[in-house]
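Residue-level listing of the chains:
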Amino acid sequence: MATAIERFDERARRRFESLGRTVVYVGELRRHPVYTRFLHWMVALFFFLALFSGFGIYLPWLFRWFTPIFGGGPLARALHPWFGIFCVFFFGLQMLNWLKPMMWTPADTNWMRNLRGIVSGKEKLEPPDTGFFNAGQKLQFWEIVIGCVVFLITGIILWAGARTFGSTLVAISYVLHDVSAIVMLGGIFVHIYLSTIGEPGTFQAMTRGAVSEPWAWTFHPAWYREVTGRDPRESYEKAREETERAVTQNPSESKLRSK
Ligand code: HEM
């Protein structure tokens, strides 16, 4: 039976589907619906607004040049908590939306054990039981969940100030708020690298909402098997043989293609 969260999510997805489009071409698979993409980009927008306004407030000697974007120092200070609240709000909805696919499974423990082979690129495909999200993505997701809780609690304490919460709590909140920002920023750098240059073909999952079949059988083989009913390893070998055959039959064309 569908839970209240699933019903809420399903209604939101249906509503958003009429506001945008997800075009899936031949040889592609649908990855993220309009609702998920909308939430993701709202989180990213407010995350960076909070980050840049925060930099200007907490390290003014280094990032003074950020504050004019927000209308000056006092306005950046006034807007920063609101950017944070919107970021946490949209990520809260994203959390409900992704709760199920982000649950830890034995396949994730297996993925972690194979981490060295995956990172070194020795293995062409990720472990065959890698589903919709891999363990690395799940770990980052839960790190952001914890980060959002820390931001929210410490942010409210800093916002209300020492008169309401006392100077000790405010001092601790400063440290936790900044540590959380540094951890999350480090993670987001890795995330942006992997979503663009690191794993080519990923970015379109969050723009058009669709990915190529080779992307799916390479990075998420179990999800590929689930949605197509085909064996990811067989599909990969078939594509590799076809490419090799095309190169041997027409070497001049392969030269042109590789230019
Ligand atoms: C310009 C910056 C960003 C880019 C280019 C980007 C790109 C992407 C892409 C392409 C995906 C889909 C991956 C997949 O389907 O496997 C994704 C997923 C995700 N994004 Fe972002 N993103 C950005 C910023 C952010 C920010 C600021 C946050 C949160 C604070 C965030 C949190 C997530 C999470 C939790 C996922 C799901 C798990 C994952 O793929 O890691 N993203 N992002």
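Here is what the cut-offs are and how they apply
- Residues numbered from 1 in each chain as written.
- Predicted model: local features only at pLDDT ≥ 70, side-chain atom pairs only at ≥ 80, totals over all residues.
- Helix = DSSP H or I, 4+ residues; strand = E, 2+ residues; numbered from the N terminus.
- Buried ≥ 20, exposed ≤ 12 C-beta atoms within 10 Å, placed from the backbone.
- Contact = placed C-beta atoms within 7 Å.
- Near = placed C-beta within 6 Å.
- Nonpolar A, V, L, I, M, F, W, Y, C, P; charged D, E, K, R; others polar.
- Expected span 1.5 Å × (residues − 1).
- Bend = angle between axes of the 7 residues up to and from the residue.

So, the overall build of the protein chain
1) Next: From N to C terminus, the protein chain includes 14 helices and 2 strands.
2) Next: Among the 259 residues that make up the protein chain, the fraction classed as buried is 23%.
3) Next: Once local pairs closer than 6 in sequence are excluded, the contacts in the protein chain between residues at least 24 apart make up 60%.

Some thoughts on the environment of G136
1) Next: In this structure, G136 sits in helix α7 (residues 135-160).
2) Next: Its 18 C-beta neighbours within 10 Å are what place G136 among the partly exposed residues.
3) Next: In the structure, G136 is positioned 25 residues away from W111 in sequence and 8.4 Å away in space, judged by C-alpha atoms.

Description of the site of the ligand
1) Next: Around the ligand, 19 residues are found, and the nearest of them are A44, Q137, S195, A205 and M206.
2) Next: Elements that contribute at least two residues to the shell around the ligand include exactly α2 (34-58), α7, α9 (167-198) and α10 (203-207).
3) Next: No other element matches the 5 residues that α9 contributes to the shell around the ligand.
4) Next: The residue makeup of the shell around the ligand, split by class, is 11 nonpolar, 7 polar and 1 charged.

Some thoughts on helix α4 (residues 73-98)
1) Next: Taking 1.5 Å per residue, 26 residues should reach 38 Å; α4 reaches 36 Å between its end C-alpha atoms and fits that length.
2) Next: Taken as a whole, α4 carries its principal kink of about 30° at L79; the proline P81 stands between one and four residues after it.
3) Next: When we look at burial in α4, the residues that qualify are A76, H80, F83, G84, C87, V88, F90, F91, Q94, N97 and W98.
4) Next: Close packing links the buried residues of α4 with α1 (4-17), α2 and α7.

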